[in-house]
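If you want the building blocks of each chain, they are given just below.
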Amino acid sequence: MDLPIVVGVDGSEAALRAVDWAADEATLREALLRLVYASLWERYEGAALAHDLGRPSEQVRAQDIVETAARRAHRRQGDLKISTEVLPEEPEYTLVRESRSASLLVTGTRGRGGITEALLGSVSLTVAGHAHCPMVVVRASHDNQVRPGPHGRIVVGVGEKPTTPAAVRFASDEARRRGAVLDAVRAWRCPAHETTDHPLLAGEPARIHQQQAVEVLEEALHDVSADVETRRRAVEGNTRNVLTAASRGADLLVIGAERHHRHFGLQLGRVAHGVLHHSACPVAIVPERD
C-alpha cells in the first residue's frame, strides 16, 4: 500500500470537513487514512488532575475526537482503511514529523465565521511552512467534495521560474485521478519603468512580458501527460490576486513552496501565505526543494 494520507483532527467542524475531503482523496488513491490528534494537555496536566477537578480526562476526550472522525470517514467511504493515533505532543511538531512518512497531509482551520473565518489557524500556517510532503488546507467555507469534482478543474500556479515540477506533477496527478481539467496560471506584470508614451512603442513592453509568461507556461507543462486536458493562462496582475481569482470555481488550487534545508523560520512566501488566507477552494502546498 502507498504511504498514508494523514489528517490532523482536533474536534472542530473545520477538521471534520478536512476528514471528509481526505476520505474521498484516500479512496481515489486507494490509500490508508491516518487520523492524528496531538495535544500537550495530557503530558503536563495528566489524568490525576482531571480527576481532582471532577472533569473528564483529556485522553478520553482525545479518543472520542479521533473515533468520531473515524466514524465520519467510514460513513463517507465505507471501504476505507483507517488508523488513528493520539499523541501527547505539540500538534505542529507532530504533523511535521508525520509528513515525513505520508503521501499527503490534510488540515482544516479553526475559523468559525466572520473575521475568524478569514484567518488561517496558526497550526496550519506553521505546518504548511515546514511539511515534507504536499499539504492540503481545507477551510470551513470550502466545498469539501473530492469525487466527483463539482467543478472539474484543478488550478496550478506556475512560478516566475519554470522550475515548479513538483507542484505541476502533483496537480497533473490530481487532474488525472478526478478526470478534471488542469488549468495552469502564470501571473505577469509590466514594471512601471518599462512603460512608454511613444505611440509606435505603446504596449510593446507588456506584450514582451506576456509572451515570456506564455513561454514559462509551455516549459512548465512540457512533461504533463497527453491524457490530461490542459489549459494555459497568462494573466496580468498581482500573483496572489490572480490565483485567488482563479480559485473561484475550482476544486483545488496547487502552488509550490520552496524549502530551504538550513532555514528554520517560517518558509511560506507572501504569495502562498496570501492564497492560504483568501482562496475560494482547498489549497495544496507542494514542497519544491532547493
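Treat the numbers as computed from the prediction; the structure is a model and nothing was measured. (Residues numbered from 1 in each chain as written. Predicted model: local features only at pLDDT ≥ 70, side-chain atom pairs only at ≥ 80, totals over all residues. Heavy atoms only, no water.)

Let us now look at the environment of Val19. Position of Val19 among the secondary structure elements: in helix H1 (residues 13-29). Among the residues examined, Val19 registers a relative accessible area of 0% and is labelled buried. The residues touching Val19, leaving out its near neighbours within four places in the chain, are Val7, Val9, Leu35, Ala69 and Ala73. (Helix = DSSP H or I, 4+ residues; strand = E, 2+ residues; numbered from the N terminus. Buried < 20%, exposed > 50% of the residue type's maximum accessible area, 1.4 Å probe, protein only. Contact = heavy atoms within 4.5 Å.)

This part takes up the nonpolar core. The biggest cluster of nonpolar side chains holds 48 residues, and the ones touching the most others in it are Val7, Val9, Leu33, Val106 and Val254. The greatest single-element share of this core, amounting to 7 residues, is contributed by H1. Dropping the residues within four chain positions of it, Val106 is found in contact with Ile5, Val6, Val7, Gly8, Ala18, Trp21, Ala22, Val136 and Val138. (Core = buried A, V, L, I, M, F, W, Y, C linked by side-chain atoms within 4.5 Å.)

Moving on, we get to the pairing of strand S2 (residues 33-38). Of all 6 residues making up S2, 6 are buried, and the element is well covered by its neighbours. Burial along S2 is two-sided: the residues Leu33, Leu35 and Tyr37 and Arg34, Val36 and Ala38 are all buried. Where strand S1 (residues 5-8) and S2 come together, 4 bridges link them in parallel fashion. Bridging across to S2, Val6 finds its partner in Arg34. Following the backbone out of S1, through H1 and into the adjacent parallel S2, one traces a crossover that is right-handed. The pairing of S2 with strand S3 (residues 82-87) spans 6 bridges and is classified as parallel. Opposite Val36, over in S3, you have Glu85 as the bridge partner. (Pairing = 2+ DSSP bridges. Right-handed = clockwise from strand over helix to strand, strands pointing away.)

For the rest of this paragraph, the subject is the packing of H1 against helix H8 (residues 165-178). H8 packs onto H1 with a crossing angle of 80° between their chain directions and a minimal axis gap of 10 Å. Here H1 is positioned roughly perpendicular relative to H8, judged by the angle of their axes. On H8, the residues touching Trp21, Glu25, Leu28 and Arg29 of H1 are Phe170, Glu174, Arg177 and Arg178. Residues belonging to the contact of H1 with H8 are distributed by class as follows: 3 nonpolar, no polar and 5 charged. (Axes fitted to C-alpha atoms, helices over the stretch in contact; angles between N-to-C directions. Parallel < 35°, antiparallel > 145°, perpendicular 65-115°, else oblique. Nonpolar A, V, L, I, M, F, W, Y, C, P; charged D, E, K, R; others polar.)

With that settled, the discussion passes to the pattern of salt bridges. Within this structure, the stated rule accounts for 17 salt bridges. A salt bridge links Arg97 to Glu89; the shortest N-O distance between them is 3.0 Å. Overall, the relative accessible area of 29% leaves Arg97 in the partly exposed class. Residue Glu89 is classed as buried on the basis of its relative accessible area, which comes to 16%. Across the pair Arg232 and Glu218 runs a salt bridge, and its minimum N-O distance is 3.0 Å. Residue Arg232 is located in strand S8 (residues 230-236), and its partner Glu218 is located in helix H9 (residues 204-220); the two are separated by 14 residues in the primary sequence. Residues joined in a network through salt bridges with shared partners are Glu13, Asp20, Asp24, Arg72 and Arg76. (Salt bridge = Lys/Arg side-chain N within 4 Å of Asp/Glu carboxyl O.)

Put simply, the chain has an average pLDDT of 82, and 76% of its residues get 70 or more. Segment residues 43-53: pLDDT under 50, and 9 contacts once partners within four positions in sequence are set aside and those in other chains are kept. (pLDDT = per-residue confidence, 0-100.)

The subject of this paragraph is the pairing of strand S7 (residues 181-188). Burial analysis of S7 places 8 of its 8 residues in the buried class, the great majority of the element. Alternating positions in S7 separate into two faces, Val181, Asp183, Val185 and Ala187 on one and Leu182, Ala184, Arg186 and Trp188 on the other, with burial throughout.

Note on placement: Arg34 falls in strand S2. The class of Arg34 is buried, set by a relative accessible area of 16%. Through-space distance from the C-alpha of Arg34 to that of Val7 is 6.2 Å; in sequence the pair is 27 residues apart. If we skip the residues at most four places from it in the chain, Arg34 touches Pro4, Ile5, Val6, Val7, Ser83, Glu85 and Glu98.

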